[in-house]
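Each chain, letter by letter, is given below.
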Amino acid sequence: MRGEALYVDDLVIEGLLYGRLLHSDRARARIRSIRLPKLPPEVTVVDWRDAPARNQIHIVQDDMPIFAKDEVAYVGDVILMLVGPDEQELQNLLSRIQIDYQELTPVLDPQLSQQVFFDYHYGHGQVEQAFAEADHIFSETFHTGLQEQAYLEPNGLIAIPGNRKMTVRGSMQCPYYVKTALVRALGEAADQVQVVQEVTGGGFGGKEDYPSVLACQLAVAALKTGRPVKCILNRREDMATTTKRHPSRCHYKVAVKAGQVTAMDIDVLMDSGAYTTLSPVVLQRGIIGAPGVYRIPNLRVHGQARKTNTVPNGAFRGFGAPQTFFAVEMMMSHIAAALNQEPLAFKARQLVSQGDETSTGGRYHFYVSLPDLIKRAEELSHYREKRQAYARQTAQRYRRGIGIALIYHGCGFTGNSERDFIKAVVKLKKRTDDRVEVLASNADIGQGIKTTFAKIVADQLALPLEQIIVNNPDTDKVPDSGPTVASRSLMTVGQLLAQAAARLKQVWEPGKEQVIEEHYQHPEYMIPFDMDRFAGDAYPTYSWAVSVVELELDRLTGTADILGAWGIFDVGVPIDYNIVQGQMQGGFLQGLGYACMEHLTYSPAGVPQQTSFTDYIIPTAADVPNLVTDLVNNPFSHGPYGAKGAGEMPMVGVAPAYLEALEQAMNCGRLEHVPFTAEDVLDRLSDADGHLHPDFDTWTWQSKSEAESQPADPRQRKG
Amino acid sequence: MVNAYVPADLGEALRLLQEKTVIPYAGGTDIMVHPQAEAAYLFLRQLPELNQICTTDQYFVIGSAVTYQALLTQTAVRLPDILLQACRQVAAPPIRNLGTLGGNICNASPAGDTLPVLYALDASVRLARLEPAVRDCQNLTPTIGYRILPLRQFIQGVRRTCRRPEELLIEILIPQTHDTLTYYEKIASRKAQAIAKLSFAGAASVSQGQLQRLALAFGSVGVTVVRDSLIEAKIINGSYDPEAAVQAYAALLRPITDQRSTASYRKTVCLNLARDFLTAVQAQVTAGRRGR
């Protein structure tokens, strides 16, 4: 670490103007009129009238306007931009703009929303029959909350107008997404669009879709003023107005016969926020993973994303999976407890394995390493032993618990997107000095892709690492090798680079400039995915993970100390061990935040309540002083050196493992939502003296024989 | 343009304070959360007078610019454990290296980490200012005047103290009590870098089965730290058993719901901790009586 990196805010550009955004302070309203203060001549107003082609931002769909025209859909919706040379002056002027709103009642609860953005169904087998023949039928509803990506560097870009050319530079994950959005927004106003990623201080998905929004706003401003325009969001602005993780409500109904789960009927509802952004893709990944890592012979899944008047929710590490994996892991654990079985043993009996069908009728083509990961997790954590010991504890104030969760990550894009939409291309350019430049559009956002790309190419060419050049992607120079998402950069693009490097080696001529181009080829083994029916291989392969959390609860304060935390991961083969460990440890903490701290709420008027790091609490290393992350190799035949996806997994399994541990320590019944804060713990402990609160206890249990049927007394949980 | 003054000694600092409109700046860890572009700051951490730690017959004396880290690492004086416990839970090392006890007091946040402890230990503060020069006196060197106030009186509300503009808080005085039981809990959303949702400090002195001194102080549940002498007196004289005392605190504490926590959580935890502390005190009293 040398501190030499220049972020977009550090760039010195001649004639630069600043752009400051006017955000709506109403969640849902029509704009009757806008009254501007008297503006000095150097200040320009930019709004929807200035959009040269169409006032729409292309993400997946095109429903989000560049600038709100006559209505606003969430607190934070951008109405206009003031552009000028003095940022402070702009800020003062912004505060004097008066907007006459006609207020409408905002919809904040997706369950009350009438506007369904996306609606998907899929399934297989004979679900009704399986329920009719079941020994037991269980059902329960789970909720997960918002989560902020909390990257260190806020979103920020600069748009630089040229001669019929528009250049946008800045913090982003997906230069070609931004380029596509700009091309459509500018239309004939620009013949050429160039997008350059600058050093980016973290993304976690938060710079997958949002930079397209800011880029369009700034490009319109740059076009109007003819000057470069920069906008760096301040922290409160970024937290209050940019995309977050989708809150969810998941309802599970599960049939069990002879100790095995025979059917699941799952209903998933995600809160899309005010615009669609990436909701369809997030919802797809969420519902495909909804049955978890289990063999479910009869399955029915329904998923919806609905509009609310809140911040548009978008991409965030895990991308729909943290929501459904939380729900299915809790559900399986609750069923095990109801049947007087140890949760891990119950789960382990129904794991998928190589050759099994996936939830969408594809195949687990490769070895499923979960049994190995479970074994390693047990060696390190002594899970079973502690689980039994803690079931017998009699302590009053401090009580311990341990929990485990099993998850996968479907590596890369969902379905055939790589084949049909992305069509990734990479180039290797050998210079006359025999140094080799990697030309790919994937952005290093802290995950170390520059290092891993360089290592792959260097190794293939048997060159020292210093001879490989990886610059930040510039769409004028690099081909479109797709976005930096879904753990595809290393697995898919890295493999293309390995192939390109192998070809370059064959034709290598010292001192000569050579260019090798490599195109994506869809793995021949994949069962084509039918997006309408959710049928076929949703992913080329899967990474696997086991998370264990051990904690000690203080029943007087509701707070818990993490005594031990273990994450065991199959990422195929790590290309860079330290980078993977860094990802796993950081992701684990992010998962812990999701489980118990990161609490983000809206006021009844739809105003986000936690918009600073003082109020929105993310964990620090002090919260998990003893975190152990370990890797089990399971090489993937189609990934570079056997590598698969990695970055999402540590995030996904922590919440269910934490809650299972907390349930054991609290010893007063099922828990069913995250974040589960200290406030929630105390509420529940005081309720436990009487009866479970009907609002959150949605658990039902029907047994075939009435004689067997017992009310589920939460205080008599075993295991 | 920010103006900064760096006085060499207390006298110069007090003169600047009298002559200019300046904001006293010790560690700056609270001030710099909302820096003011037009403000003038009076830097204090270099002043030797404000950096001492010593004892007198009755008191521990801590200079107001002594940092948390200095309190934790100094070996000259054996400070009350409960104070060090609170210092250890302040933010994280960077803040502890800069933040000061005087700053924590003058910032007067109800969530100040050391405040419940200082209230429970009956701390006082010493303030200094330049006395107005007496005209007919030959000696024109102005003299420094002092006043001592109990901390509970000094802090008046959220970010409000009775420090006069020309005054400087120079020392914190902590009586050398002989507490046989102390109890401190800071409850926050995470282990480091967090503002307290609530905090509780308890101190008791039990001698031969007799409760001699008792203090319960609650942070983040009111506009200032809450301590109630009447309830404490009733516990000491035996009119309240622990449960009756908890009921009395239940009637007294009126926390609010905000973006960090809820009123009911704050209140429940305060009462849980008070009950736990008072039960331990009672156990010590009972054990003392048996031992007699």
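All figures in this text were calculated on a predicted structure; none of them were measured in a lab.

Colleague: Which residues make up the overall build of chain A, and what are the values?
Modeller: Regarding its fold elements, chain A presents 17 helices and 25 strands. For 719 residues, the compact-globule formula gives about 27 Å, and the C-alpha radius of gyration of chain A, at 26 Å, lands near that figure. Each principal axis of the C-alpha atoms in chain A carries an extent, and together these give about 80 × 70 × 45 Å. The buried share of chain A, taken over its 719 residues, is 63%. Within chain A, contacts between residues at least 6 apart in sequence are counted, and of these 81% link residues at least 24 apart. On chain A, roughly 26100 Å² of surface is accessible, and the fraction owed to carbon and sulfur atoms is 49%. With 69 positive and 87 negative side-chain charges, chain A shows a separation of 2 Å between the mean positions of the two kinds.

Colleague: So what about the domain arrangement of chain B? Which residues, and what values?
Modeller: All names here are of chain B. The domain boundaries assigned to chain B delineate domain 1 (47-175) and domain 2 (181-291). Of note, the centres of domain 1 and domain 2, computed from C-alpha atoms alone, are 24 Å apart. Facing the 22 residues of domain 1 at the interface are 23 residues of domain 2. With both chains or domains summed, domain 1 and domain 2 bury close to 1900 Å², and 56% of this area falls on carbon and sulfur atoms.

Colleague: Could you give an account of the sheet that holds strand S3 (residues 40-43) of chain B, naming the residues involved and the relevant values?
Modeller: All names here are of chain B. Read across the open sheet, the 3 strands follow the order S1-S3-S2; overall the sheet is parallel. Single-partner strands in this sheet number two, and they are strand S1 (3-5) and strand S2 (23-25). This sheet shows a mean twist of 30° between the axes of neighbouring strands, independent of strand direction. Examined bridge by bridge, S2 and S3 share 3 bridges and lie parallel to one another.

Colleague: Report on the sheet that holds strand S4 (residues 71-72) of chain A, specifying residues and quantitative values.
Modeller: Residues and elements named next belong to chain A. The strand order S4-S2-S6 describes an open sheet built from 3 strands, whose pairing is antiparallel. Bordering the open sheet on either side are S4 and strand S6 (98-103), each of which pairs with just one other strand. One ladder, built from 2 bridges, connects strand S2 (residues 29-35) with S4; its direction is antiparallel. Directly across from Arg-30, in S4, lies its bridge partner Glu-71.

Colleague: Describe in detail the environment of Thr180(A), supporting the description with residues and values.
Modeller: Residue and element names in this part refer to chain A. Turning to its location among the elements, Thr-180 is positioned in helix H3 (residues 175-186). We classify Thr-180 as partly exposed; its relative accessible area is 31%. The sequence separation of Thr-180 and Val-193 amounts to 13 residues, and the corresponding C-alpha distance is 8.8 Å. Here Tyr-176 takes part through its backbone oxygen, which lies 2.8 Å from a polar atom of the side chain of Thr-180.

Colleague: Quick one: what's the story with the domain arrangement of chain A, residue by residue and with numbers?
Modeller: Residues and elements named next belong to chain A. Under the domain assignment used here, chain A contains domain 1 (8-106 + 152-240), domain 2 (351-416 + 525-688) and domain 3 (422-482 + 490-519). Taking only C-alpha atoms into account, the centre of domain 1 sits 33 Å from that of domain 3. Each partner contributes to the interface: domain 1 provides 17 residues, whereas domain 3 provides 13 residues. Interface of domain 1 and domain 3: buried area, both sides summed, is about 1200 Å²; carbon and sulfur atoms make up 48% of it. On the surface where domain 1 and domain 3 come into contact, there are 1 salt bridge. Between Asp-476 and Lys-165 there is a salt bridge whose closest N-O contact spans 2.7 Å. Where domain 1 meets domain 3, there are 9 residue pairs in polar contact (both at pLDDT 80 or more).

Colleague: Give a detailed account of helix H7 (residues 321-338) of chain A, specifying residues and quantitative values.
Modeller: Residue and element names in this part refer to chain A. The terminal C-alpha atoms of H7, which comprises 18 residues, lie 25 Å apart, in line with the 26 Å expected from a rise of 1.5 Å per residue. For H7, the tally of buried residues reaches 18 of 18 residues, placing the bulk of the element in the interior. Asn-340 sits one or two positions beyond H7 and adopts a positive phi of about 60°.

Colleague: Help me get a handle on the pattern of salt bridges, residues and values and all.
Modeller: Applying the stated criterion to the full structure yields 60 salt bridges over all chains. As a salt-bridge pair, Asp420(A) and Arg419(A) come within 2.8 Å of each other at their nearest N and O atoms. Between Arg227(B) and Asp122(B) there is a salt bridge, and its shortest N-O distance comes to 2.6 Å. Of this pair, Arg227(B) sits in the loop between strand S13 (210-219) and helix H8 (229-236) while Asp122(B) sits in the loop between helix H6 (115-120) and strand S6 (124-130), placing them 105 residues apart in sequence.

Colleague: So, the side chain of Asp680(A): which residues are in play, and what are the values?
Modeller: Tracing the chain through its elements places Asp680(A) in helix H17 (residues 678-688). Filtering out sequence-adjacent residues up to four positions away, Asp680(A) remains in contact with His673(A) and Pro675(A).

About the thresholds
- Residues numbered from 1 in each chain as written.
- Chains lettered and ligands numbered in written order.
- Predicted model: local features only at pLDDT ≥ 70, side-chain atom pairs only at ≥ 80, totals over all residues.
- Heavy atoms only, no water.
- Helix = DSSP H or I, 4+ residues; strand = E, 2+ residues; numbered from the N terminus.
- Rg over C-alpha atoms; globule rule 2.2 N^0.38 Å.
- Buried < 20%, exposed > 50% of the residue type's maximum accessible area, 1.4 Å probe, protein only.
- Contact = heavy atoms within 4.5 Å.
- Areas by Shrake-Rupley, 256 points an atom, 1.4 Å probe, with all protein chains shown as cover.
- Lys, Arg positive; Asp, Glu negative; His and termini not counted.
- Charge placed at Lys NZ, Arg CZ, Asp CG, Glu CD.
- Domains from an automatic or database assignment.
- Buried area = accessible area lost by both parts, 1.4 Å probe.
- Pairing = 2+ DSSP bridges.
- Axes fitted to C-alpha atoms, helices over the stretch in contact; angles between N-to-C directions.
- Polar contact = N/O pair within 3.5 Å; in protein donor to acceptor, adjacent residues only side chain to side chain.
- Salt bridge = Lys/Arg side-chain N within 4 Å of Asp/Glu carboxyl O.
- Expected span 1.5 Å × (residues − 1).

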